[in-house]
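# Coordinate inspection notes
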Amino acid sequence: MTFSDEVRAALLAEGDRLARRLTQTLQVTAADPPRLTLLGRSLALNLVGALLPTLEQVARHSRAPLRAGVTLDRVGAPQLQTWWGEQPGACLPVADLLNDLLLTPGGQWHPPVRDALQGALGASEHGAERALVTCLRSPPVLRSMERVVRRLLRPPDSAAVAAQDAGPRQD
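What counts and how
Residues numbered from 1 in each chain as written. Predicted model: local features only at pLDDT ≥ 70, side-chain atom pairs only at ≥ 80, totals over all residues. Heavy atoms only, no water. Helix = DSSP H or I, 4+ residues; strand = E, 2+ residues; numbered from the N terminus. Buried < 20%, exposed > 50% of the residue type's maximum accessible area, 1.4 Å probe, protein only. Contact = heavy atoms within 4.5 Å. Areas by Shrake-Rupley, 256 points an atom, 1.4 Å probe, with all protein chains shown as cover. Axes fitted to C-alpha atoms, helices over the stretch in contact; angles between N-to-C directions. Parallel < 35°, antiparallel > 145°, perpendicular 65-115°, else oblique. Nonpolar A, V, L, I, M, F, W, Y, C, P; charged D, E, K, R; others polar. Pairing = 2+ DSSP bridges. Expected span 1.5 Å × (residues − 1). Core = buried A, V, L, I, M, F, W, Y, C linked by side-chain atoms within 4.5 Å.

Let's shift gears to the overall build of the chain. Helix and strand counts for the chain come out as seven helices and three strands. Secondary structure elements of the chain, listed N to C terminal, follow the sequence α-α-β-β-β-α-α-α-α-α. Viewed in the frame of its principal axes, the chain has a C-alpha envelope of about 60 × 35 × 35 Å. Counting the 171 residues in the chain, one finds 40% classified as buried. Within the chain, residue pairs in contact and separated by at least 24 positions form 60% of the contacts whose partners lie at least 6 positions apart. Summing over all exposed atoms, the chain offers an accessible surface of approximately 9,900 Å²; the carbon and sulfur share of this is 52%.

Pasting the structure below:
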């Protein structure tokens, strides 16, 4: 998946945020921060990069006219945006997406995710890559990804869209 320079920079910033969170959770040595940054950025880019084509493929199979991409909100934070034809659909901040996929509802890392990432810290480059793949394929991440896809595949409610387009009532 290819992103514009601005979107890529915003996704890398989200990866840096994940790396800071990992620093607070994993057993980290003084030599680990560069590896943590690489892991956080890889998680952000790979999860978003995998979700977009998956979402569009599922939509195609269900004959839904959905397109998906990453845009920036007004403060420059990345958000996943869907379109139904020309009509905007769901919008999900990437920070929320990553939290939904990687963390429990209580805000803790899913244990298989945490364990895989801990293993990636001390591993060779190849071992770290395998640990990252294990993390991305872990059951909690895949279940969360399915929930996100289902949520994003809901067509926009035409009544809600019409009310939003009309703006506030001026009685």
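Closest axis-to-axis distance for the helix H2 (residues 33-61)/helix H3 (residues 94-102) pair is 11 Å, and the angle between their directions is 95°. In terms of orientation, H2 and H3 fall into the roughly perpendicular class. Across the interface between the two elements, Leu43, Ala44, Leu47, Val48 and Leu51 from H2 touch Val94, Leu97, Leu98, Leu101 and Leu102 from H3. Tallied by class, residues from the contact of H2 with H3 come to 10 nonpolar, no polar and no charged.

The next point concerns the sheet that holds strand E2 (residues 78-84). Read from one edge of the open sheet, three strands run E1-E2-E3, paired in antiparallel fashion. Of all strands in the sheet, those bounded by a partner on one side alone are strand E1 (66-72) and strand E3 (87-93). Going from strand to strand, the sheet's axes swing by 25° on average, the running direction of each strand aside. The sheet contact formed by E2 and E3 spans five bridges and is antiparallel. Across the sheet, the residue bridging to Gln81 is Cys91, located in E3. Lying over the sheet, H2 contacts E1 and E2, oriented at roughly 155° with respect to E1.

Right, let's get into helix H1 (residues 5-25). The terminal C-alpha atoms of H1 lie 30 Å apart, and with 21 residues this matches the ideal 30 Å at 1.5 Å per residue to within 8%. Residues of H1 that are buried include every one of Val7, Ala10, Leu11, Leu12, Glu14, Gly15, Leu18, Ala19 and Leu22, and no others. Tucked into the core, H1 has its buried residues touching H2, E1, E2, H3 and helix H4 (111-122).

Turning to the pairing of E1, a few remarks are in order. Across seven bridges, E1 lies against E2 in antiparallel orientation. Bridging from a neighbouring strand, Val70 pairs with Leu80 of E2. In textbook terms, the turn of a hairpin is the stretch between consecutive antiparallel strands, and for E1 and E2 this stretch comprises five residues, one of which, Gly76, has a positive phi near 90°.

Here the focus is the nonpolar core. Counting 49 residues, the largest nonpolar core has Leu102 and Leu117 as the members making the most contacts within it. Within the residue set of this core, elements represented by two or more residues are H1, H2, E1, E2, H3, H4, helix H5 (125-136) and helix H6 (139-152). Per-element tally for this core: the top contributor is H2, with 11 residues.

Moving on to the packing of H4 against H5. Contact geometry of H4 with H5 gives a least axis separation of 8 Å together with a crossing angle of 175°. With respect to H5, the axis of H4 lies roughly antiparallel. Along the contact surface, H4 presents Val113, Ala116, Leu117 and Ala120, while H5 presents Ala128, Ala131, Leu132, Thr134 and Cys135. Partitioned by chemical class, the residues of the contact of H4 with H5 number eight nonpolar, one polar and no charged.

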